[in-house]
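Here is how the chains run, residue by residue.
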Amino acid sequence: MLNTYDYPEFDYQQSAEQQSGELKRHPVVIIGAGPIGLTAALECAAQGIPTVVLDDNNTVSIGSRAVCYAKRPLEIWDRLGVASPMVEKGISWQVGKVFFKEKLAYQFDLLPEQGHKMPAMINLQQYYLEEYMVNECERQELIDLRWKHKLLSISQNDDIATLVIETPDGVFNMEAQWVIACDGANSDTRKMLDGDFSGQFFQDRFLIADVVMKNDFPTERWFWFDPVFHKNQSALLHKQSDDVWRIDFQLGWDADPEEAKKPENVIPLLKQMLGDDCEFELEWVSVYQFACRRMDKFRYGRVLFAGDSAHQVSPFGARGANTGVQDIDNLGWKLKLNLQGKAPIELLDSYSEERVFAADDNLMNSTRSTDFITPKSKSSRVFRDAVLQLAEKHEFARPLVNSGRLSTPTPYLQSSLNTEDEDSFSNCMAPGTNCADAPITISGHSSWLLNHLGGQFKLLIINEDAAHSVEQGGVKADTLKLGADFEDPEGLVSQRYDGDQGAVYLIRPDQHVAARWRKFDEAKIKAAIAKACCQH
Amino acid sequence: MRLQLQSNITKPDNFYNHLIDMQRDLSEEEVQMMNAKLILLLSNHIGEEEVLFEAMDLAKP
Ligand SMILES: Cc1cc2nc3c(=O)[nH]c(=O)nc-3n(C[C@H](O)[C@H](O)[C@H](O)COP(=O)(O)OP(=O)(O)OC[C@H]3O[C@@H](n4cnc5c(N)ncnc54)[C@H](O)[C@@H]3O)c2cc1C
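About the cut-offs
Residues numbered from 1 in each chain as written. Chains lettered and ligands numbered in written order. Predicted model: local features only at pLDDT ≥ 70, side-chain atom pairs only at ≥ 80, totals over all residues. Heavy atoms only, no water. Helix = DSSP H or I, 4+ residues; strand = E, 2+ residues; numbered from the N terminus. Expected span 1.5 Å × (residues − 1). Bend = angle between axes of the 7 residues up to and from the residue. Buried < 20%, exposed > 50% of the residue type's maximum accessible area, 1.4 Å probe, protein only. pLDDT = per-residue confidence, 0-100. Pairing = 2+ DSSP bridges. Axes fitted to C-alpha atoms, helices over the stretch in contact; angles between N-to-C directions. Salt bridge = Lys/Arg side-chain N within 4 Å of Asp/Glu carboxyl O. Contact = heavy atoms within 4.5 Å. Buried area = accessible area lost by both parts, 1.4 Å probe. Polar contact = N/O pair within 3.5 Å; in protein donor to acceptor, adjacent residues only side chain to side chain.

Moving on, we get to helix 9 (residues 320-339) of chain A. Residues and elements named next belong to chain A. Across its 20 residues, helix 9 extends 28 Å between first and last C-alpha, which sits within 8% of the 28 Å expected from 1.5 Å per residue. At Leu331, helix 9 shows its largest bend, some 30°. With 17 of 20 residues buried, helix 9 is to be regarded as a mostly interior element. Phi turns positive, to about 75°, at Gly341, one or two residues after helix 9.

Time to look at the confidence of the model for chain B. Per-residue confidence for chain B gives a mean pLDDT of 96; residues scoring 70 or more make up 100%. Reported for the predicted complex are a pTM of 0.95 and an ipTM of 0.97.

Here the focus is the sheet that holds strand 23 (residues 475-481) of chain A. Residues and elements named next belong to chain A. Taken together, five strands build an open sheet; the order of strands is 22-23-21-24-25 and the sheet is mixed. At either margin of the open sheet sits one strand with a lone partner, and together these are strand 22 (470-472) and strand 25 (513-517). Going across the sheet, the axis of each strand differs from the next one's by a mean of 20°, ignoring polarity. In terms of strand pairing, strand 24 (residues 503-507) meets strand 25 through four bridges, oriented antiparallel. Residue pairing for strand 25: Val504 is matched across the bridge by Trp517.

Here we take up the pattern of salt bridges. Residues and elements named next belong to chain A. Taken as a whole, this structure holds 38 salt bridges over all chains when the rule is applied. Ionic pairing is found between Lys262 and Glu259, a salt bridge with its closest N-O pair at 2.7 Å. The structure contains a network of salt bridges with shared partners spanning Glu43, Arg72, Glu75, Arg79 and Asp329.

Bringing the interface of chain B and chain A into the picture now. Each partner contributes to the interface: chain B provides eight residues, whereas chain A provides ten residues. Carbon and sulfur atoms supply 79% of the area that chain B and chain A bury against each other, a total of about 910 Å² over both sides. When the buried surface of chain B facing chain A is broken down by residue, B:Met33, B:Lys37 and B:Leu40 rank first, second and third, together holding 51% of it. Here chain B and chain A share zero salt bridges between them. On the surface where chain B and chain A come into contact, there are one residue pair in polar contact (both at pLDDT 80 or more).

What follows is about the sheet that holds strand 4 (residues 95-100) of chain A. Pairing is mixed across the open sheet formed by eight strands, whose spatial order is 5-4-12-13-14-11-15-18 (chain A). Only two strands of the sheet have a single neighbouring strand rather than two, namely strand 5 (103-109) and strand 18 (311-312) of chain A.

Laid out in structure tokens, this is it:
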């Protein structure tokens, strides 16, 4: 098979602590250097927390896994300083085509909302994503990335966890105040802690192939329901960078995964799909079975689960990595405040509360897509086909077609950290919602609102005169004030934050709204900071 | 709005006859497909989720 990508091999190094045999206590140890563990390391570094990242391997994600990254994770990576190479290398697509049986049912244009720094989504091979993050981690002094370090066992008391680690030089122990378990869907950490992980396994298999196209093919997303070349199943064609295309084939439950993977079986299938005159070469083929499940809670004592170790979704709608990155967004600042003694352990329970809520939303969305793509009963098959037939001629049926929905963040509308609105506001940007971006100018230079929010608490002040920074229990919120600190040339900040009549937003370090008022009131802001940090 | 449960069809016999007639020569599969499309078309016409859910509840065996 062809290779458009050279897998880097990262060096193993024996750590000083293993060499000396001295037992060291670290504030945060991260298990796993996949996309979520690497994001966690960058997030902690941004918060000023030193971390050790352990990975049992020494390279990036092998083969075809995540492709599609949505706006919110890109915004988070932008806050952490790693989004630009991703966006540069990634592919953006606008036009999607939906085929049913032998013909095109309809096509659509995404037309994303303007006035956001990050695109609605990009397509990029997971190994590039990880490579860019590894590069950034290596630049960060606070991150100690250790390859060929495998977690063997873990034990904990109320204050610390003790980890037993195996390296090529043998076994040693280390201690951690907090452990972030990012060791993927088959998480060893979860098994070691007897973590409850339940949900639904789909009785279906998918063949995932990456091919390199030799001739021009439009940068569009093509989805087939019940195509003639692959009866009763579905297929997806999606562009990645380097002229590599992702192709997903639903195989059904009876298919033999080993047989299906063989090039002599894959190539004829691809030829029927792409046409005889299309020239391509296989880069990678694998067969997956998908599940939708999550842990009952994401905090087990001193161990916090994030990413696939905590929740696993089917890949329709591209949610796995996207949602895992948002776990870390939620977790970083909470860990920091707890380590500094400014917030009790309850704040870390709010991590579980908010992210379990988001995981359920993701699970629901990906289960719905899966049910549409692979109907589970005769009558749901009839409705599915009826929708697709109607969609050919009638616009109304098109929004019912579900070949995977774009992953969007789940607002924490019910969160115990929110302060309820007492003034009247339009519905957008309610407490618990992630902040919308908007173009701004600072001293005449163009910038973006989100680049000036986050990392720590902030007060976003729109059309309100009285305002100053506020401190509560050691947690400070500085102001970002329209007119004084930035201008709103297109009026989009005012519009997106319903600020025409004056608005004061308390923004969490993860760029989510904690509270908002029409007028500046220091006492209320203090109470809201205390609530958002679980300070009593 | 609530689901209309008072008679709203001006010529009930005409409507009913038309529905039955249309399906007279269809196979079981075609009937199922037609019914599904009909539900989708009419549901979209009604639009309101509350009304649609109320009707689904009433229709449920
Ligand atoms: C076909 C396919 C398509 C997908 N498409 C998308 C998509 O388009 N968009 C999207 O967002 N997501 C997608 N996903 C999901 C995405 O790949 C995962 O959600 C993502 O990789 C999860 O990242 P993670 O860091 O949690 O876990 P992983 O990527 O699984 O990383 C876990 C890491 O932990 C290490 N590890 C494991 N055990 C130990 C141990 N005992 N000690 C030390 N280290 C250990 C492993 O070596 C690995 O590096 C797709 C997945 C598949 C299979």
